[in-house]
Amino acid sequence: MKKNLWIFCIPFLFIACSNNNKTVINASGSTTVLPVISIAAEQFMKTHPDVKIIVNAGGSGVGINQVGAQQIEIGMISRNITEKEIAQYPNTNFVVIPIGRDAVVPVVSSEIYDAGIKSLSIEQLAKIYRGEIANWKELNGPDKDILVIDKEAARGTRHVFMEIVLGDKEAEAAGADLVLGANNEEQTAIVQSDAALGILSNAWMNKDVKGIAIIMPNGEIIEPTLANIINGKFPIIRDLDLITNGEPTGITKEFIDYILSAEGQKIVEENEYVSISK
Amino acid sequence: MDRKLKNSIFKMLIWAAACVAIGILVFLITVLFYKGFQSISVDFLISESKNFGSEGGVFYQIIGSVLLTLCAAIISFPLSLGFAIYKSEYVKNKYLQNFTDTIIYSLNGIPSIIFGIFGLILFVNFFNTGVSWFVGGIILAIMILPTVILSSYQSINSIPNSYRENALSLGLTKWQVIKTVIFPRAISGGFTGLLLGLARAIGETAPIMFIATAFSGVTFPNGLFEPVSSLPTHILSLAQQATNPDALENAWGSSLVLILLVFSFSISAFVRRLQYSKLKY
Amino acid sequence: MSAFQNSIGRGYVVSSTYLSIAIVLVIFIVLFISSYDAFSTVGWKIFTLEWNPSKDKFGVLSMIYGTLSVTFIALLIAMPLGVLTAIFISEILPEKFRLYFKSAIELLAGIPSIIYGLIGIAFFSGWVSSLFELATGRTILTAGILLSIMVLPTIITLSEDALHNIPKKYREVSKGLGLYPFETITKTLLPIAKNDIIGAILLALGRALGETMAVMLLIGSIDRIPDPFYNFLAPGQTITSKLGREIGESAFGSLHFSALNAIGFLLLLIVITLTIITQFYFKKEDRL
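Residues numbered from 1 in each chain as written. Chains lettered and ligands numbered in written order. Predicted model: local features only at pLDDT ≥ 70, side-chain atom pairs only at ≥ 80, totals over all residues. Heavy atoms only, no water.

**Examining helix α8 (residues 174-201) of chain B**
In this model α8 of chain B runs just 35 Å from its N-terminal to its C-terminal C-alpha over 28 residues, more than 12% under the 40 Å that 1.5 Å per residue would give. By the largest-angle criterion, I182 of chain B marks the main kink of α8 of chain B, which is about 50 degrees, and a proline, P184 of chain B, follows within four residues. (Helix = DSSP H or I, 4+ residues; strand = E, 2+ residues; numbered from the N terminus. Expected span 1.5 Å × (residues − 1). Bend = angle between axes of the 7 residues up to and from the residue.)

**Some thoughts on the UniProt feature "domain: ABC transmembrane type-1" (unreviewed entry) in chain C**
According to UniProt, the feature "domain: ABC transmembrane type-1" (unreviewed entry) maps to residues 64-278 of chain C in the numbering used here. The span residues 64-278 of chain C carries 77% helix and 0% strand; its end-to-end C-alpha distance comes to 22 Å. (UniProt positions renumbered as here; feature names shortened; annotations may be inferred.)

**A closer look at the interface of chain B and chain A**
If you look at the interface, chain B gives 34 residues, while chain A gives 35 residues. Taking both sides of the interface into account, the surface hidden between chain B and chain A amounts to around 2900 Å²; carbon and sulfur atoms contribute 62%. Counting across the interface, chain B meets chain A through 1 salt bridge. The closest approach of N and O atoms between K52 of chain A and E226 of chain B, which form a salt bridge, is 2.8 Å. Counting across the interface, chain B meets chain A through 8 residue pairs in polar contact (both at pLDDT 80 or more). Elements represented by at least two residues in the side of chain B that touches chain A include exactly α3 (59-90), α5 (112-126) and α8 of chain B. Sort the elements by how many residues they give to the side of chain B that touches chain A and α3 of chain B lands first, with 6 residues. Across the side of chain B that touches chain A, the residue classes break down as 20 nonpolar, 12 polar and 2 charged. (Contact = heavy atoms within 4.5 Å. Buried area = accessible area lost by both parts, 1.4 Å probe. Salt bridge = Lys/Arg side-chain N within 4 Å of Asp/Glu carboxyl O. Polar contact = N/O pair within 3.5 Å; in protein donor to acceptor, adjacent residues only side chain to side chain. Nonpolar A, V, L, I, M, F, W, Y, C, P; charged D, E, K, R; others polar.)

**Structural notes on the sheet that holds strand β10 (residues 213-215) of chain A**
What links the strands of a sheet is backbone hydrogen bonding, and the strands pair in either a parallel or an antiparallel sense. Residue and element names in this part refer to chain A. Sheet architecture is open: 3 strands sit in the order β5-β10-β11, paired in mixed fashion. The outermost strands of the open sheet, each flanked by one partner alone, are β5 (119-121) and β11 (221-222). Bridge count between β10 and β11: 2 bridges; the pairing is antiparallel. In the sheet register, I215 faces β11, and the bridge partner there is I221. The strands touched by helix α6 (residues 122-130) within the sheet are β5 and β10, with β5 carrying the most contacts at an inclination of about 80 degrees. (Pairing = 2+ DSSP bridges. Axes fitted to C-alpha atoms, helices over the stretch in contact; angles between N-to-C directions.)

**Things to note about the packing of aromatic side chains**
Scanning all chains against the criterion turns up 31 aromatic pairs over all chains. With 5.4 Å between their ring centres and 65 degrees between their planes, Y129 of chain A and F161 of chain A make a pair best called edge-to-face. Taken as a pair, Y129 of chain A in helix α6 and F161 of chain A in helix α7 (residues 156-165) lie far apart in primary sequence, 32 residues in all. F161 of chain A shares its class with Y129 of chain A; the two are buried. Note on F39 of chain C and F265 of chain C: the rings are 6.4 Å apart at their centroids and 70 degrees apart in plane angle, and the pair reads as edge-to-face. Separated by 226 residues along the polypeptide, F39 of chain C in helix α1 (residues 2-41) and F265 of chain C in helix α10 (residues 255-281) bring together distant segments of the chain. For F265 of chain C, a relative accessible area of 8% gives the class buried. Each member of the aromatic cluster is reached from another via a ring pair, and the members are F27 and W252 of chain B together with F123, F124 and W127 of chain C. The lysine or arginine in question, K87 of chain B, covers the ring of Y153 of chain B, its NZ or CZ lying 4.7 Å from the ring centre. (Phe/Tyr/Trp six-rings, centres within 6.5 Å; stacked < 30°, edge-to-face > 60°. Buried < 20%, exposed > 50% of the residue type's maximum accessible area, 1.4 Å probe, protein only. Lys NZ or Arg CZ within 6 Å of the ring centre and 35° of its normal.)

Following this line, the structure appears as structure tokens:
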């Protein structure tokens, strides 16, 4: 009986290892870019049955490191590569290809939004993240401590937000209560709380997670709408990029070209990001 | 306080503790099976996951998990048998015995995430294999070594010395004795240990999440050095979006599948252990 | 031929033994080498509070604190609960139910930690936040409670074995002396089983220290010691959750990566010392 078991196992491993001549592209990185790439990959594989595109999450930092170590073909990033990261990988020639645009939006639990907090100034956001404002009452909201949600240090959303709000992309946020990772993990924490403030990509808002408008120094209130991202009015905007080591070639290039094509850009827009053509 | 009162208070404490423990047990089992069966279907088992795993099924996750555990089994089984036989039949020195014990126990004590980091440094980065299911299999194999070794060693060790002496006095060489007397027992004990080890390996997330698995687009791997997706890492990504009802439902479904796999390994190990504990020389 | 087989066979068992031993040593060496950078540059400053890779500050005190406090809560709950339940199974439960009960508990021990994490996120964090009226249920306490459930089976099974292995005559003598069951248990049985029960608790401690997934999802992952330090209703960070969240983000070969390895190495040393002590606690079977 035992022998039979082993005989069953071995062909299984052979199947697994047998090379069925598919070209494999590995992509990894930002969870903001992830939805676009995984859907684009599904579509692309339909027309290219001999290609396999494996998409992995982890955050912009992970994407940069793995492209840098030349372990994957495509990195997905939602922030700029830092000097330090470029210096870390002298043998890699990072090529950045923008595929869409996105806003980083301060978001609050629906209870806070319904209680009247629908906009905040950059100054107020900075004070909250520095820990100088700790209760919604100080912002004319309900008497509840603010649950300030921060993100893991190498996440693209955090870099972009902190650069504009605290003036340094790697600034420490002394007021933070939780540090979370992927966009969907943060979304979950905001829904579970009734007094949370977090930072999310524009595409991740829903009825329980409300994006709030930003009050500009001149008093103008800018809503996080696609129109305001397109016309550049919303202050916290970023490009969503793919990175490769050197100019992409072969099937990788075909895939990236597909994302940049009209069909690919439609996927970008269906995910509520702004197409690069606009 | 008089003795009788103390006695009754103590009894109440014990009953209360037992009730809490049973309550936890019942709660866990009910939640997992009730929620799981609600979201599981044949379709769930044979279709691939879509839309961050919140739609579709877990077919390739099951394949990936099975692949990782099989690979772990194939690597660790022969290694453990050799170790167990060496320890039992060749090591006579007391210090060496203690040393091998220490090795096994330390391996047993290493936290699972440390195995993951070890794999990340040595294989993924130093040997530059990239994220690969084969590396995951190797790491899981190392992780379950002590379980298999100990189980195999215990069953060899329960063979009375007189058997070995009789066989030797018949003029058999040492290896012939091992082959005819020791080996069958080593395999049978090792197999029980292997089942226990696999029950642990298939549910582990921390060792494989940096080194062996990917998020989407995974089908049958093309070669040794390609990521797979697995049930535990799938549950991890679904748990992070726990307020999305679809994702949560799929998370319960995947958990049930994973638990049934774990239980099928551990229950077969229990049954084997019961059978062999009745077997006496 | 048989001499040849003899040497092949010996070669096989010797090489698999040495390979296994080599693996353990390699794990230590690899971890030590990759944490050496951090030990030599950061040095004793590793025992400070601030962790900020962009400024090359790698203080791990808050993670050590988190690991210790989570483990403390887990044992505080699991120890009495586990030992009392073990007494229940061994001394009160009729013998014929014992095996079913123990098998059920052993199955419980096999539930993967990620599933505990899922249950924690779906239920426990909500319960804790509404019970204590907190802004978030991701706290040190939540992680500790979950961890206590995870180590409970270890404590129950091993303590029960220890109690059950005590020969019947001890109980009969006690009863003959007119002692209440309470006195039999506390004055006779527990002292005899004491060493094994301590072993069980040490083993549970080792497991709690190294547990990753459930803790990582539930603790809130902020590198901070709460104020006051015994405020377990605040989020925190353990060594394992830090590793789980950050190791992928750090570049291989950077000081950041090395510092993460260094805390991993510290954890490894602590847990292994514990396990070795524990395992030698248990008596070894002698060959018949």
